[in-house]
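Okay, here's what each chain looks like letter by letter:
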Amino acid sequence: MTNFNTNPSPRGNHARPAELIADSVPAFDIDRSVAASVAETVPGAQSKRSRTFLTGFAGAAMACMLALGINGAVINPATAEAANEPAPMSQAALTPQNGETLAEAVAAKCLPSVVFVETYADAGGQLQAMGTGSGVVMTQDGYLITNNHVVDGGQAFKVTIEGNTYDAELVGADPSSDVAVLKAKDANGLTPMEIGNSDDLTVGQWVMTLGAPFGLEQSVATGIVSATSRSQIMDASTSAQAGGSGEVTIYPNMIQTDAAINPGNSGGAMVDADGKLIGINTLITSYSGNYSGVGFAIPANYAVNLAQQIIAGETPTHAQLGVSLSTVNDQMAGSYNLPAESGAYVASVAQGSGAEAAGLAEGDIITALNGEKVEGASDLMLAVRGEKPGDTVTLTVNRNGQEQEIQVTLGDDAASQKAAAEAKKQLEQSMPEQGDGYGYGQDGGNGYGYGDPYGQDGRGLNLDDLFGQR
């Protein structure tokens with residue numbers, strides 16, 4: 001098995017070296033290779049530069065810390081169920097035996113369930129290595145969860161589990177959540193990782209990250225939960241420009257940790273002291289593109305639910321409010337005589353949506369969801385994506401200067417996702433060179449409605465679009 005990271009470069013051996021846009025602004029490396037890239041070790045591997053330095057761990061980076069409508073990468077520390085069921089949650093606590101340490105006990109339990117992923121592209125009829133990442137065993141017969149950016153663009157995959165290498169196929173992916181499922185062919189008797197409860201985490205609790213940083217298989221690191229509910233968005237235009245999926249990618253309620261996460265760890269496991277999966281390693285914040293003590297994992301409850309839908313052959317769905325939005329700030333409020341200086345302005349309400357049924361109307365300004373302040377459209381997008389279809393949420397709405405609370409039962413984005421996919425496919429067929437520039441509308445399928453082409457490059461409407469330039 002080829003290790004593409006035997007001689008790491010100073011840049012962390014990324015497929016696409018990126019440049020810092022300013023010495024004073026921390027940045028991230030956005031590259032769609034998968035962690036231990038082969039740009040410097042495999043002849044012919046193409047390297048593209050991006051204007052931002054955004055790092056997504058497996059080497060394929062879904063941007064960390066971006067705000068909608070911003071072209072550059074800006075760090076925001078303040079925000080920063082299927083036929084083959086995964087192992088059930090267990091109440092038994094892990095107890096080290098025979099003098100072993102907690103880390104030794106957890107590693108022994110979890111490493112058999114950790115996957116090394118190699119992704120290949122078709123280069124003129126021959127497979128060319130793109131890079132490597134990590135994954136987690138979900139079922140005995142070989143269903144594996146990883147990040148979408150680990151497999152994005154790949155035509156062939158190999159996975160190594162407990163020293164055995166298998167060909168693998170891509171079962172499906174949810175690019176908007178950066179989750180994907182692989183199936184190891186002809187695998188059986190694998191050890192599924194035990195699933196924990198990522199909704200029940202405490203800041204300061206012990207955690208371990210497992211994966212293949214820089215292609216170094218079966219690596220572990222320990223640390224703590226540094227924070228929870230670190231939500232971020234990567235807009236569609238940034239994703240497309242960076243060579244990613246070209247879709248809005250939403251990371252709600254991520255787990256922040258100081259346990260080492262490096263390129264190649266993407267898709268790997270974050271586990272608790274009982275050796276239970278609580279997160280999928282996904283992003284880091286770094287000046288260098290490598291570990292700097294601030295990493296992020298997608299909560300297991302969220303990621304596993306999406307993976308189970310994929311395994312069942314379903315299109316993963318997300319909670320949807322059913323409105324198109326624009327961000328309100330104090331300048332806009334003054335220009336347009338709005339009754340609130342911050343919030344999410346409702347530009348339109350989709351017919352048949354939960355928002356329509358609840359009585360939301362054009363011109364409403366949503367200022368809070370379940371008591372949590374909403375500063376703008378992206379805040380509401382993240383908050384809604386953190387809920388489940390069918391959940392009922394309480395919105396605080398400013399209507400003509402009067403605040404009221406409105407309860408809304410969230411729908412799902414299955415229909416709008418399908419419409420967006422069909423529209424994007426048609427656009428790519430008619431204009432292949434511009435296919436990645438399709439704009440999804442600011443609801444992003446998590447509250448705003450995929451397929452509503454408001455604005456360009458997925459940035460959505462702004463208030464000048466609604467009221468005319470002033």
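Please read these numbers as outputs of a predicted model, since none were measured by experiment.

Procedures and definitions
- Residues numbered from 1 in each chain as written.
- Predicted model: local features only at pLDDT ≥ 70, side-chain atom pairs only at ≥ 80, totals over all residues.
- Heavy atoms only, no water.
- Helix = DSSP H or I, 4+ residues; strand = E, 2+ residues; numbered from the N terminus.
- Buried < 20%, exposed > 50% of the residue type's maximum accessible area, 1.4 Å probe, protein only.
- Areas by Shrake-Rupley, 256 points an atom, 1.4 Å probe, with all protein chains shown as cover.
- Pairing = 2+ DSSP bridges.
- Axes fitted to C-alpha atoms, helices over the stretch in contact; angles between N-to-C directions.
- Contact = heavy atoms within 4.5 Å.
- Salt bridge = Lys/Arg side-chain N within 4 Å of Asp/Glu carboxyl O.
- pLDDT = per-residue confidence, 0-100.
- Core = buried A, V, L, I, M, F, W, Y, C linked by side-chain atoms within 4.5 Å.
- Polar contact = N/O pair within 3.5 Å; in protein donor to acceptor, adjacent residues only side chain to side chain.

K.L.:
Which parts of the structure should I look at to understand the overall build of the chain?
P.N.:
Secondary structure summary: the chain contains nine helices and 20 strands in total. Buried residues in the chain amount to 56% of all 470 residues. For the chain, the accessible surface area stands at approximately 18400 Å², while carbon and sulfur atoms represent 45% of it.

K.L.:
Is there a simple way to explain the sheet that holds strand 1 (residues 114-123) in this structure?
P.N.:
Within a sheet, each strand pairs with its neighbour through backbone hydrogen bonds, oriented either parallel or antiparallel. Spatially, six strands are ordered 1-2-3-6-5-4 in a closed barrel, and the strand pairing comes out antiparallel. Here the strands of the sheet are splayed against their neighbours by 40° on average, with no regard to which way each runs. Pairing analysis gives two bridges linking strand 2 (residues 126-137) to strand 3 (residues 143-146), with the strands arranged antiparallel. Considered in strand 3, the bridge of Val137 is made with Leu144.

K.L.:
For this particular structure, what's the right way to read helix 1 (residues 102-110)?
P.N.:
Each full turn of the α-helix corresponds to 3.6 residues, which orients residues three or four apart in the same direction. Those residues of helix 1 that fall on the buried side of the exposure criterion are Ala105, Val106, Ala107 and Cys110. Of the surrounding secondary structure, the elements contacted by the buried residues of helix 1 are strand 1, strand 7 (206-211), strand 8 (219-234) and strand 10 (269-271).

K.L.:
What should I look at first to understand the environment of Ala344 in this one?
P.N.:
Here Ala344 is to be found in strand 15 (residues 343-349). As a C-alpha pair, Ala344 and Leu325 span 19 residues in sequence and 6.0 Å in three-dimensional space. Each residue touching Ala344, except ones within four places of it in the same chain, is listed here: Leu325, Ser326, Asp364, Ile365, Ile366, Val374, Gly376, Ala377 and Leu380.

K.L.:
So what exactly am I meant to see when it comes to the pairing of strand 3 here?
P.N.:
For a regular strand, side chains alternate in direction, first toward one face of the sheet and then toward the other. The alternating pattern of strand 3 places Tyr143 and Ile145 on one face and Leu144 and Thr146 on the opposite face, and all of these are buried. From the end of strand 2 to the start of strand 3, which pair antiparallel, there are five residues, and Gly142 there has a positive phi angle of about 105°. Alignment of strand 3 against strand 6 (residues 179-184), held across four bridges, turns out to be antiparallel. Counted as the bridge partner of Ile145 is Val181 from strand 6.

K.L.:
What is the right way to read the pattern of salt bridges from this model?
P.N.:
Pairing between side chains of opposite charge can happen when the charged atoms of each approach one another. Applying the stated criterion across every chain yields a total of four salt bridges. The partner of Glu194 in a salt bridge is Lys109, and the shortest N-O contact between them spans 2.5 Å. Of this pair, Glu194 sits in the loop between strand 6 and strand 7 while Lys109 sits in helix 1, and the two are 85 residues apart along the sequence. Note on Glu194: relative accessible area 13%, which makes it buried. Of the residues examined, Lys109 reaches a relative accessible area of 30% and is grouped as partly exposed. Between Lys158 and Asp167 there is a salt bridge, and its shortest N-O distance comes to 2.7 Å. Among the residues examined, Lys158 registers a relative accessible area of 30% and is labelled partly exposed.

K.L.:
Looking at this model, I keep getting lost on the sheet that holds strand 10. Mind explaining?
P.N.:
Taken in spatial order, the six strands line up as 7-8-9-12-11-10 and close into a barrel, and their pairing is antiparallel. Strand after strand, the sheet turns through a mean of 50° between neighbouring axes, direction not considered. In this sheet, strand 12 (residues 295-299) lies alongside strand 9 (residues 249-257) in antiparallel orientation, the contact comprising three bridges. Considered in strand 12, the bridge of Gln256 is made with Phe296. Across the face of the sheet, helix 4 (residues 300-311) comes into contact with strand 9, strand 11 (277-284) and strand 12 while running at roughly 50° to strand 12.

K.L.:
I'm lost on the confidence of the model for the chain in this one. Help?
P.N.:
Low-pLDDT stretches of the model should not have their predicted coordinates read in fine detail. For the chain, the average pLDDT comes to 75, and 69% of its residues sit at 70 or higher. pLDDT under 50 marks residues 1-85. Its contacts with residues more than four places away, or in other chains, come to 285 contacts. Low confidence marks residues 432-460, where pLDDT is under 50. Its contacts with residues over four positions away, or in another chain, come to 107 contacts.

K.L.:
Whenever I open this one, the nonpolar core confuses me. Can you help?
P.N.:
One recurring pattern in soluble globular proteins is that nonpolar side chains are buried together. Residues Ile145, Met193, Leu210, Val271 and Leu277 are the most contacted members of the largest nonpolar core, which totals 32 residues. Residue contributions to this core peak at eight residues, all from helix 4. With 20 residues, the next largest nonpolar core counts Leu360, Val384, Leu395 and Val397 among its residues.

K.L.:
How do you make sense of the environment of Asp141 when you look at a structure like this?
P.N.:
Along the chain, Asp141 falls in the loop between strand 2 and strand 3. Given a relative accessible area of 27%, Asp141 falls into the partly exposed group. In this structure the C-alpha to C-alpha distance between Asp141 and Asn188, which are 47 residues apart in sequence, comes to 4.4 Å. A polar contact of 2.6 Å, which involves the side chain of Asp141, links it to the side chain of Thr139.

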